[in-house]
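Observations on chain architecture
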Amino acid sequence: RSTQSRSSAASDVYKRQILESGFLPLSCACALNPNGSLTIKIYDAESGRVDLLLTGVSTAELTSVRDISNLIGELRTELRAGRRAFAGAFTHYAG
């Protein structure tokens, strides 16, 4: 392997570690796809409930810790919005 491919592989592992630690108390699993994109699954480890599943997430723009932190913030916003929409659906149907 070339130095650059080893560096890229290490960088991908590092990105995944940061992402996977960013959603506590929920769990996060990231898988690197053959095309270089990520599949990100955010879930409750106890119940197995999947709260968010994203496929084909490009890593091209995740070049710094700040970029990864911004992505985590966006995904947390999506999680909160999804929970509100889900709660709203129950309120609508219960009423």
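Report follows, based on the coordinates.

Cut-offs used in this document
- Residue numbers restart at each chain and count upward from 1, following the sequence in its written direction.
- Residues qualify for local features only when their pLDDT is at least 70, as the model is predicted, and side-chain atom pairs are given and counted only at 80 or more; totals for whole chains, interfaces and linings, by contrast, use all residues.
- Water and hydrogen atoms play no part in the side-chain values, which are based on all heavy atoms of the structure.
- By definition here, a salt bridge exists when the distance from a side-chain nitrogen of Lys or Arg to a carboxyl oxygen of Asp or Glu is within 4 Å.
- Partly exposed describes any residue whose relative accessible area lies between the buried limit of under 20% and the exposed limit of over 50%, with all areas from a 1.4 Å probe on protein chains only and scaled to the type maximum.
- Each helix is a run of H or I in the DSSP string that is no shorter than four residues. Each strand is a run of E no shorter than two, and both are numbered from the N terminus.
- What qualifies as a polar contact is a pair of N or O atoms within 3.5 Å, subject to a donor-acceptor requirement within protein and to the restriction that residues adjacent in sequence count only when both atoms come from side chains.
- Strand pairing follows a simple DSSP-based rule, namely that at least 2 bridges must link the two strands.
- Centre distance within 6.5 Å is the pairing criterion for rings of Phe, Tyr and Trp, where only the six-membered ring of Trp is used; planes under 30 degrees apart are then read as stacked, over 60 as edge-to-face, and the remainder as tilted.
- Working rule: Lys NZ or Arg CZ, within 6 Å of ring centre, within 35 degrees of ring normal, means a charge sits over the ring.

1. Quick notes on the pattern of salt bridges
Under the definition given, this model contains 2 salt bridges. One salt bridge in this structure joins Asp 44 and Arg 49, with 4.0 Å as the shortest N-O distance. For Arg 49, a relative accessible area of 42% translates into the label partly exposed. Salt-bridge contacts for Asp 51 lead to Arg 49; the nearest nitrogen and oxygen are separated by 2.5 Å. A relative accessible area of 23% places Asp 51 in the partly exposed class. Linked through salt bridges whose partners overlap, the residues forming this network are Asp 44, Arg 49 and Asp 51.

2. Considerations on the side chain of Lys 15
Of note, Lys 15 is situated in helix α1 (residues 3-20). There is a polar contact of 3.5 Å between the side chain of Lys 15 and the backbone oxygen of Thr 59.

3. As for the pairing of strand β2 (residues 38-43)
As paired elements, strand β1 (residues 27-32) and β2 share 6 bridges and run antiparallel to each other. If you follow Ser 27 over to β2, its bridge partner there is Tyr 43. In this structure, β2 lies alongside strand β3 (residues 50-57), joined through 5 bridges in antiparallel fashion. The partner of Leu 38 across the bridge, within β3, is Val 57. What sits between β2 and β3 in their antiparallel hairpin is a turn of 6 residues, with Gly 48 showing a positive phi close to 85 degrees.

4. A word on the packing of aromatic side chains
Considering all chains together, one arrives at 0 aromatic pairs under this definition. The lysine or arginine in question, Lys 41, covers the ring of Tyr 43, its NZ or CZ lying 4.8 Å from the ring centre.

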